[in-house]
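Below are the chains, spelled out letter by letter.
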There are 2 protein chains.
Amino acid sequence: MNIKKEITIYDLAKKLNYSPSTISRALNDNKSISKKTVKLVKDTAEEMGYRPNVLAAGLRNNKSKTIGISISRINRHFIASLISGIEETARKAGYNVIISQSNDKYKNEINNTKALYDSRITGLICSLSMETSDYEHFKQFTDKGIPIVFVDRVPNKFNSYKVVIDNYSAGYAATKHLIEQGCKRIAHFAGEQHLNVYEERKKGYLDALKEFNLPIEENLIHHFKTLSFEEGKKMTAKLMAMTNPPDGIFSANDTAAVSAIIYAKSKGIKIPEELAIIGFNDDPISSIVDPALSTVSHPAAKMGEISAKRILEHSKNNYDQSVSEVTILNTEIIIRDSSNRKKLLP
Amino acid sequence: MNIKKEITIYDLAKKLNYSPSTISRALNDNKSISKKTVKLVKDTAEEMGYRPNVLAAGLRNNKSKTIGISISRINRHFIASLISGIEETARKAGYNVIISQSNDKYKNEINNTKALYDSRITGLICSLSMETSDYEHFKQFTDKGIPIVFVDRVPNKFNSYKVVIDNYSAGYAATKHLIEQGCKRIAHFAGEQHLNVYEERKKGYLDALKEFNLPIEENLIHHFKTLSFEEGKKMTAKLMAMTNPPDGIFSANDTAAVSAIIYAKSKGIKIPEELAIIGFNDDPISSIVDPALSTVSHPAAKMGEISAKRILEHSKNNYDQSVSEVTILNTEIIIRDSSNRKKLLP
DNA sequence: ATAATTAACGAAAACGGTTGAGTAAACATA
DNA sequence: TATGTTTACTCAACCGTTTTCGTTAATTAT
């Protein structure tokens, strides 16, 4: 088991009788090196099995070609798609992607951002943890001119790039859709209200009710810790046991919405006739559940792509850090059988 | 917008009147530095806002505390859970995780592994792309003593660590389960046969049939390109249109199995009475589909955890690279309504 | 023909840690 | 008392690139 020695630009320099500077420039297509030499250098680099050491380059430039990601957890469909979009565009540009999961813990997010900083990332893409309401730990980046792109779950009081969907409009549209299907008493499964996404979805819901002169009933609005399957099931049970149960549910995510469908079915409640349901995210489960769940689709991969591009552009042009450029992407209401009462009409 | 200067160990050294070496050692808890000094150094480091530059350390050590991952694509439940497991254990040990997606293209896998190598990763965790059947591009790691852990989709002819499930036994058990439910003509949705996972699942299927003296009918065995929803649906349609259709399906993944359920339901075929179905992976969709899909559960996060630990151990102990240590994890058959005929009996 | 410009490359100093070898003082041992 | 051992540091080289200044020779302008 003998370990082969690494080939460096010095080895190339010695072999070709050039200085390391020339080799470096040739490899980077510096125009002050003749095309002939560039070709020669690149060919022998290939031939000798030279592989650049990005750590050395990174040290010298005080920046590695790396994008850092801080998210809650990977194994959720939306997040996985987001990361997929980031990775794809980053890699095309020759950048690596480092991921870190907060598991929705504030403390983890702090430690992770530190670790990412220590790697001298070119930029950070972050979707906040559930618990985060203080943003001090992001200053280490802005202090050093390192761009941050917040995506989906973003802070309202922090100057930086943001890539989001219009949660308000989506919440409004989802609720309006239920109203148009004839729902009069629509419940809302809401998420943590200090997170912009859930706060805005709820606002949209409330405004739609107002718009159509439907009363806002506080006992139909429930704030969930995690919008999990279990939570959703329990809440659906509670709601449907009311003397005057709701005839519609707008859930801030699909998991809870699906749990509502499954619970209602098990109790013989007809969907959508007695209870129309719409979720949020367009998770794979939403098209599999029976009846299929209406929902709001997120352009997750696209959001990742745009976020990555923000970082790449910034590092090219060195934009003014103090500018907070917000990108708002369109959502789409996907109507399936869980809410489509009109389809049932002759 | 003025960018703050970075604090280095030289700044700490100057401030404390120590040499940089002492600072470095103190920060790394080297025992040749007095506890008093260590505390002093760490405290002022904290106070001055010192953050280590892992690029510099990595350059010096010719290895960054980073684990590289090469997988097909992130946004699949199994892969996302796997990565989640890797990230969690890596981060606990102070390691970063770089991900790269091949999108199941051999060429991408080659480029990605090069990029990972260039980052001087401590080790590589890889689940092969669909197209990979040549392993030359992994030699760059073993040549340099960098450990590789293949996980799930592993090469059979390459010396390295491997973390897998017993696909053969799982395939056997899944098929046996259908047989025990009374199925006589069981179809198999198989994947690409040069991938160990699909090859072995099929072998298990075949051996179970033999064991129970059921005939092997080639027209019930179908090899899929991607085991997608559409492929599964088409194939189910074809199978159920036969004059003598199968009474059971063992699908090598859940997506195709779910598509079979949905297709059969749409055609009024009773599940599991007329057609019993079992899938593979225990994707979230499998418990949501109605009737719920029986399946084989993968300990995905656990596999990630073990893979990461292999890398960490290796880098601590510098094990003999030529040893190919294989870890085989248990799977579990999860019986749900899509195959549970006995439940229907009084 | 001479001055000015340009093209093509080289020397050497960073970048921020790590580490083997060395040292001075304090302490223990024979 | 002389010697050996520890303790707690320091020195300086090194990791592989990049980049700022040069330098030299060739080309162009005057």
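Being a predicted model, the structure only gives us computed values, none of them experimental.

**Points about the overall build of chain A**
- Secondary structure summary: chain A contains 13 helices and 12 strands in total.
- Each of the three principal axes of chain A carries a C-alpha extent, and together these read 90 × 40 × 40 Å.
- A buried classification covers 55% of the 346 residues belonging to chain A.
- Of the contacts made within chain A by residues no fewer than 6 positions apart, 72% connect residues no fewer than 24 positions apart.
- Only carbon and sulfur atoms are counted for the fraction: they give 50% of the accessible area of chain A, which is about 15,300 Å².
- When the 49 positive and 40 negative side-chain charges of chain A are each reduced to one mean point, those points stand 6 Å apart.

**Describing the protein's contact with DNA strand C**
- Near DNA strand C there are 27 residues, and of these Thr22 and Arg25 of chain A together with Ser24, Arg25 and Arg60 of chain B occur at the shortest range.
- For DNA strand C, the fraction of atoms within 4 Å of the protein that belong to sugar or phosphate moieties is 51%.
- Interatomic distance of 3.4 Å between a side-chain N/O atom of Tyr18 of chain A and a phosphate oxygen of DNA strand C.
- Note that a base nitrogen of DNA strand C is positioned 3.2 Å from one of the side-chain N or O atoms of Ser21 of chain A.
- Mapped onto the surface near DNA strand C, the elements with two or more residues apiece are α2 (20-27) and α4 (54-61) of chain A together with α1 (9-16), α2 (20-27) and α4 (54-61) of chain B.
- When the residues that make up the surface near DNA strand C are grouped by side-chain class, the tally is nine nonpolar, 13 polar and five charged.

**A look at the sheet that holds strand β9 (residues 276-278) of chain A**
Residue and element names in this part refer to chain A.
- Taken in spatial order, the four strands line up as β7-β6-β8-β9 in an open sheet, and their pairing is parallel. Looking along the sheet, the strands with just one partner apiece sit at the ends: β7 (221-223) and β9. Within the sheet, the average angular offset between the axes of one strand and its neighbour, ignoring direction, is 15°.
- The sheet contact formed by strand β6 (residues 186-190) and β7 spans three bridges and is parallel. By the bridge assignment for β7, His188 is matched with Ile221.
- Across the sheet, helix α10 (residues 229-240) is in contact with β6, β7 and β8 (248-251); its angle to β6 comes to roughly 155°.

**Remarks on the interface of chain A and chain B**
- Every contact between the two is made by 55 residues of chain A and, on the other side, 55 residues of chain B.
- Taken over both partners, the interface formed by chain A and chain B buries close to 4,900 Å², and the fraction arising from carbon and sulfur atoms is 56%.
- Considering only the side of chain A, the residues that lose the most area to chain B are Arg51, Leu55 and Ile288 of chain A, jointly responsible for 14% of the buried surface there.
- One can count six salt bridges joining chain A with chain B.
- Note that Arg51 of chain B and Asp118 of chain A form a salt bridge whose closest N and O atoms lie 3.0 Å from each other.
- The tally of links from chain A across to chain B stands at 28 residue pairs in polar contact (both at pLDDT 80 or more).
- The leading source of residues in the side of chain A that touches chain B is helix α5 (residues 77-92) of chain A, at seven residues.

**Looking at the nonpolar core**
- Counting residues in each nonpolar core, the largest one holds 87 residues, and the members touching the most others are Ile67, Ile83 and Ile99 of chain A together with Ile67, Ile83 and Ile99 of chain B.
- When sequence neighbours within four positions are dropped, the list of residues in contact with Ile67 of chain A reads Ile86, Ala90, Tyr95, Asn96, Val97, Ile98, Ile121, Gly123, Ile125, Ala308, Ile311 and Leu312 of chain A.
- Of all hydrophobic cores here, the second largest spans 56 residues; its members include Val197 and Ala252 of chain A together with Phe224 and Ile261 of chain B.

**Remarks on the relation of the copies chain A and chain B**
- With an RMSD of 0.1 Å, chain A superimposes on chain B once it is rotated by 180° and translated 0.0 Å along the axis. This pairing of chains is accounted for by a two-fold axis.

**Topic: the sheet that holds strand β7 (residues 221-223) of chain B**
Residues and elements named next belong to chain B.
- Strand order in the open sheet formed by four strands is β7-β6-β8-β9, and the pairing between neighbours is parallel. Each of the sheet's edge strands pairs with one partner strand only, and the pair in question is β7 and β9 (276-278). For this sheet the average axis-to-axis angle between neighbouring strands, irrespective of direction, equals 15°.
- By the bridge criterion, four bridges tie strand β6 (residues 186-190) to strand β8 (residues 248-251) in an arrangement that is parallel. In the strand pairing of β8, Ala187 is matched with Ile249.
- Along the sheet, helix α10 (residues 229-240) contacts β6, β7 and β8; its crossing angle with β6, the most-contacted strand, is approximately 155°.
- Contacts between helix α11 (residues 254-266) and the sheet are confined to β6, β8 and β9, with β9 contributing the most and set at about 160° to the helix.

**Details of the environment of Gly204 of chain B**
All names here are of chain B.
- Counting through the fold element by element, Gly204 comes out in helix α9 (residues 196-211).
- The buried category is assigned to Gly204, whose relative accessible area is 0%.
- Apart from residues no more than four positions distant in its own chain, Gly204 is found in contact with Tyr168, Gly171 and Tyr172.

**A look at the domain arrangement of chain A**
- Split into domains, chain A comes out as domain 1 (9-50), domain 2 (63-165 + 300-329) and domain 3 (167-298 + 333-344).
- Taking the mean C-alpha position of each, domain 1 of chain A and domain 3 of chain A sit 63 Å from one another.

**Regarding unusual backbone geometry**
All names here are of chain A.
- Note the cis peptide between Asp290 and Pro291, where omega equals 0°.
- You can see Pro291 is positioned in the loop between α12 (284-288) and β10 (295-297).
- Positive phi, normally seen in glycine, also occurs at Asp29, with a value near 55°.
- For Asp29, the location among the structural elements is in the loop between α2 and α3 (35-48).
- Among the residues examined, Asp29 registers a relative accessible area of 49% and is labelled partly exposed.
- Look at Asp282: it is not a glycine, yet its phi comes out positive at around 55°.

**Observations regarding empty space enclosed by the protein**
Residues and elements named next belong to chain B.
- Across all of its chains, the model carries three cavities of 30 Å³ or more by this definition.
- By volume, the largest cavity is sized at about 40 Å³.
- Lining of the largest cavity is provided by Lys184, Arg185, Ile186, Tyr205, Leu209, Leu214, Pro215, Ile216, Glu217 and Leu220.
- Considered class by class, the residues forming the lining of the largest cavity number seven nonpolar, no polar and three charged.

**Quick word on α10 of chain A**
Residues and elements named next belong to chain A.
- Over its 12 residues, α10 extends 16 Å from the first C-alpha to the last, a length consistent with the 16 Å expected when each residue adds 1.5 Å.
- Every buried residue of α10 is listed here: Gly232, Met235, Thr236, Leu239 and Met240. All buried residues of α10 lie within an arc of 125° about the axis, which places them on one face of the element. Exposed positions of α10 whose direction lies more than 90 degrees from the buried face are Glu230, Lys234 and Lys238.

Definitions and limits used
- Residues numbered from 1 in each chain as written.
- Chains lettered and ligands numbered in written order.
- Predicted model: local features only at pLDDT ≥ 70, side-chain atom pairs only at ≥ 80, totals over all residues.
- Heavy atoms only, no water.
- Helix = DSSP H or I, 4+ residues; strand = E, 2+ residues; numbered from the N terminus.
- Buried < 20%, exposed > 50% of the residue type's maximum accessible area, 1.4 Å probe, protein only.
- Contact = heavy atoms within 4.5 Å.
- Areas by Shrake-Rupley, 256 points an atom, 1.4 Å probe, with all protein chains shown as cover.
- Lys, Arg positive; Asp, Glu negative; His and termini not counted.
- Charge placed at Lys NZ, Arg CZ, Asp CG, Glu CD.
- Near = heavy atom within 4 Å.
- Polar contact = N/O pair within 3.5 Å; in protein donor to acceptor, adjacent residues only side chain to side chain.
- Nonpolar A, V, L, I, M, F, W, Y, C, P; charged D, E, K, R; others polar.
- Pairing = 2+ DSSP bridges.
- Axes fitted to C-alpha atoms, helices over the stretch in contact; angles between N-to-C directions.
- Buried area = accessible area lost by both parts, 1.4 Å probe.
- Salt bridge = Lys/Arg side-chain N within 4 Å of Asp/Glu carboxyl O.
- Core = buried A, V, L, I, M, F, W, Y, C linked by side-chain atoms within 4.5 Å.
- Least-squares fit on C-alpha atoms with pLDDT ≥ 70 in both.
- Domains from an automatic or database assignment.
- 1 Å grid on protein atoms, 1.4 Å probe; cavity = no way out; pocket = protein on both sides within 12 Å on 5 of 7 lines; lining within 4 Å.
- Points joined across faces, edges and corners; volume = space filled by probe spheres on them.
- Expected span 1.5 Å × (residues − 1).
- Arc of directions from axis to C-beta.

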